[in-house]
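Here's the letter readout for the chains.
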Amino acid sequence: MPRSLSTKLIAAFAFIIFVCLFSAGTAFVLFLRDSEVEQARERVGRLAEPLALQVTYLEWVGLSTEDMTSVLKSYAERFDVRLLLVDKATSRVVFDTEDRLEGATVDAFNTATAGTERVGPIYVWQIRFSENGTNLLLFTPLDTTAGGERPSPTILSSYRTVVAVPEEDITSAWLDVLPRLAVAGGIALVISVAVALLLSRSISGRLAQITRASEEMARGRYDQQIDVRGRDEVGRLATAFNTMAREVDRSQSALRQFLADASHELRTPLTSIQGFSQAMVDGAIDTPEGLADAARIINDEAQRMRTLVDELLELSRIEAGQAALQIEPLQLEELLQATVERFQQRATEKQIEMRLRANDLPQYEGDGRALEQVFSNLVDNAVRHTPESGHISVEAKVVNGSVRVSVRNSGSLIPPEHLPHLFERFYQVNGSGADEGHTGLGLAIASEVVQAHGGEITVKSSQQEGTEFTVALPLSRKQL
């Protein structure tokens, strides 16, 4: 059964924390092992000095050996150590608190194997001694102070007071740290896992919200929004998801509107074609003149449908980035001149004065066919919406590193509420569908073409100055 992300995160955090604690604990033990052994040796060595002084004092006040051994037994019980009393002259063990070495000779104090270590104001002898296969460390103070400046009071005693410790107790002293280290590591592990649990739930909880919202979007519910908490990667993911959800919702709404508009635009010519063709089949139209008119209408409506479909395909290719621009050097002045001449006859028929002002334009690199379609659409709209005896001006000039081509016509006004929607597909100001065979896609295509060139197209309209469309095409440095 697959585990949840929260469980995987907790397991990963716990494993990492355990490895870190184990590594840190191991390094701690390795670094402190020798130190702990030295401290254990020093603790025992420091204990040997006061005990030796106490024996010296007891001997000086005249206590018998039995009385001194009784005192040593009490000290041995109190400090949980083994004490020996060794005769200095014969190196024979006079007393052993564990009654195992009494009568034995310990002559190691007179050999080179004895080591010394400074403990406080005196030196302490450290001797390794074997007792029935068990190594003992024997600690006894020297009869000389540190530096040999003066004798120690223990020189007055005829006995050596020896603290005997199994060597294993000293060398394994560092093991005493392990239980405390394990407890500390366990507490740290529990706290760390608790923090990891809260952190993982915080992360996985937000990811679960995104997952549920994604599943809802997969079911067609696009109005999904997630609470954005924090500015970390998950917060940025939530922000990106909200943006994506809004864009998908907007795209779906636009797609539904597009399908409705396309269906509406296609329904009118289809209805006309079906009506006239049915009349011809039924014999309702039986005169040569009527049949010719019906055939002409059917052809016009079919041509209108083909134009609509072609423009829809072209717009779709542009929006999908499949219509690659054919970039080449252009003379915009010549392109605008050819466009104006193409519509000059229609303008003359409506007694419209049309002027072109485009002098000293730099060479521009762009798609000539696509830009010609843009300017043709703007001039065509201007001719259609300019009343008789009006005027149209087409002007091109360089402004702030861009070529600005403006098409202005008099006598027409676009209400302000329609201006933001003019470049939407199928949008028409009169809201009556196709106008004189136009599909309402021209400005949408023009906007996409201009944006593909890195420019923008804007519009403004007023009762006094008429309507003006402006295309701004940026120039590269070498074109300036």
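From a predicted model like this one, the values you see are computed outputs, not experimental measurements.

## Details of the overall build of the protein chain
Then comes step 1: Secondary structure summary: the protein chain contains nine helices and 13 strands in total.
Then comes step 2: Evaluated residue by residue, the protein chain yields a buried proportion of 39% over its 480 residues.
Then comes step 3: In the protein chain, the share of contacts with a sequence separation of at least 24, taken over all contacts with a separation of at least 6, comes to 63%.
Then comes step 4: For the protein chain, the exposed surface amounts to about 27600 Å²; the carbon and sulfur share of it is 53%.

## Remarks on the sheet that holds strand E8 (residues 353–357)
Then comes step 1: Spatial strand order, E8-E10-E11-E13-E12: five strands in an open sheet with mixed pairing. Since the sheet does not close on itself, it has two edges, and those belong to E8 and strand E12 (456–462), each with one partner. Looking at each pair of strands side by side, their axes are set apart by 15° on average, direction ignored.
Then comes step 2: Looking at chain direction, E8 and strand E10 (residues 391–399) are connected through five bridges and run parallel. Within E10, the position partnered with Glu353 by the bridge is His391.
Then comes step 3: This element, helix H8 (residues 368–385), spans E8, E10, strand E11 (402–409), E12 and strand E13 (466–474) of the sheet and lies at about 20° to E11.
Then comes step 4: Here helix H9 (residues 442–452) sits on the sheet and contacts E12 and E13; the angle it forms with E13, its principal contact strand, is near 30°.

## Re helix H7 (residues 332–349)
Then comes step 1: Compared with an ideal rise of 1.5 Å per residue, which puts 18 residues at 26 Å, H7 spans 27 Å between its outermost C-alpha atoms and is within 8% of the ideal.
Then comes step 2: Bending of H7 peaks at approximately 40° at the position of Phe343.
Then comes step 3: Along H7, the positions that sit buried rather than exposed are Leu332, Leu335, Leu336, Thr339, Val340, Phe343 and Ala347.
Then comes step 4: Looking at the buried side of H7, the elements it contacts are strand E7 (328–330), E8, strand E9 (364–366), H8, E10 and E11.
Then comes step 5: Following H7 by one or two positions, Gln351 adopts a phi angle in the positive range, close to 55°.

## Concerning the packing of aromatic side chains
Then comes step 1: Evaluated as defined, the whole model comprises three aromatic pairs.
Then comes step 2: Seen in terms of ring centroids, Tyr57 and Trp60 are 6.5 Å apart; in terms of plane orientation they differ by 35°. Their pairing is tilted. Taken as a pair, Tyr57 and Trp60 lie in helix H1 (residues 5–60) at a separation of three residues, close to a single helical turn.
Then comes step 3: Residue classification places Trp60 among the exposed residues on the basis of a relative accessible area of 69%.
Then comes step 4: Summarising the aromatic geometry, the rings of Phe423 and Phe469 are spaced 6.3 Å apart at their centres and angled 90° between planes, so their arrangement reads as edge-to-face. Taken as a pair, Phe423 in the loop between E11 and H9 and Phe469 in strand E13 lie far apart in primary sequence, 46 residues in all.

## Quick word on the confidence of the model for the protein chain
Close reading of the predicted structure is inappropriate where its pLDDT is low.
Then comes step 1: When pLDDT is averaged along the protein chain, the result is 78, and 80% of the positions lie at 70 or above.
Then comes step 2: Between residues 431–436, whose pLDDT stays under 50, and residues either more than four places distant or in other chains, the model counts ten contacts.

## Let's talk about the packing of H7 against H8
Then comes step 1: One way to put it is that H7 packs onto H8 with a least axis distance of 10 Å and a crossing angle of 35°. Seen from above, H7 lies across H8 with right-handed handedness. Contacts from Leu332, Leu335, Leu336, Thr339, Arg342, Phe343, Arg346 and Ala347 of H7 reach H8 at Gly368, Leu371, Glu372, Phe375, Ser376, Val379, Asp380, Val383 and Arg384.

## Side note on a nonpolar patch on the surface
Then comes step 1: Taken together, Phe15, Ile16, Phe18, Val19 and Phe22 make up a surface patch of nonpolar side chains, about 540 Å² in accessible area.
Then comes step 2: Secondary-structure assignment places Phe22 in helix H1.

What counts and what doesn't
- Along each chain, residues carry numbers from 1 onward, in the same order as the chain's sequence is written.
- Only residues with pLDDT of at least 70 are given local features in this predicted model, and only at 80 or more are side-chain atom pairs given and counted; all residues enter the totals for whole chains, interfaces and linings.
- Excluding hydrogens and water, the side-chain values take into account all heavy atoms of the structure.
- Helical segments are the DSSP runs of H or I of at least four residues, strand segments are the runs of E of at least two, and each set is numbered from the N terminus.
- Between buried and exposed lies partly exposed: a residue is buried under 20% and exposed over 50% of the maximum accessible area for its type, with that area taken using a 1.4 Å probe on protein chains only.
- Working rule for contacts: check all heavy atoms of both residues, and any pair within 4.5 Å makes them a contact.
- For the accessible areas, the method is Shrake-Rupley and the probe is 1.4 Å, while residue cover comes only from the protein chains on display.
- Only strands joined by at least two bridges in the DSSP assignment are considered to pair.
- For every element, the axis is a line fit to its C-alpha atoms; helices are fit only across the contacting stretch, and the angle between N-to-C directions ranges from 0 to 180 degrees.
- The span you would expect from a helix comes to 1.5 Å times its residue count less one.
- Bend at a residue means the angle formed by two fitted axes: the first through the 7 residues ending at that position, the second through the 7 residues beginning there.
- A pair of Phe, Tyr and Trp rings is counted when the ring centres sit within 6.5 Å of each other, with Trp represented by its six-membered ring. The angle between the planes then sorts it: under 30 degrees is stacked, over 60 is edge-to-face, the rest tilted.
- The predictor attaches a confidence to each residue, called pLDDT, with possible values from 0 through 100.
- For a crossing to be left-handed, the near helix must be turned anticlockwise from the far one by less than a right angle; the clockwise case is right-handed.
- Surface patches are drawn from residues lacking salt bridges whose relative accessible area is over 30%; two like charges belong together within 9 Å, two nonpolar side chains (Val, Leu, Ile, Met, Phe, Trp, Tyr) within 5 Å.
- We define a salt bridge as a contact between a side-chain nitrogen of Lys or Arg and a carboxyl oxygen of Asp or Glu at a distance within 4 Å.

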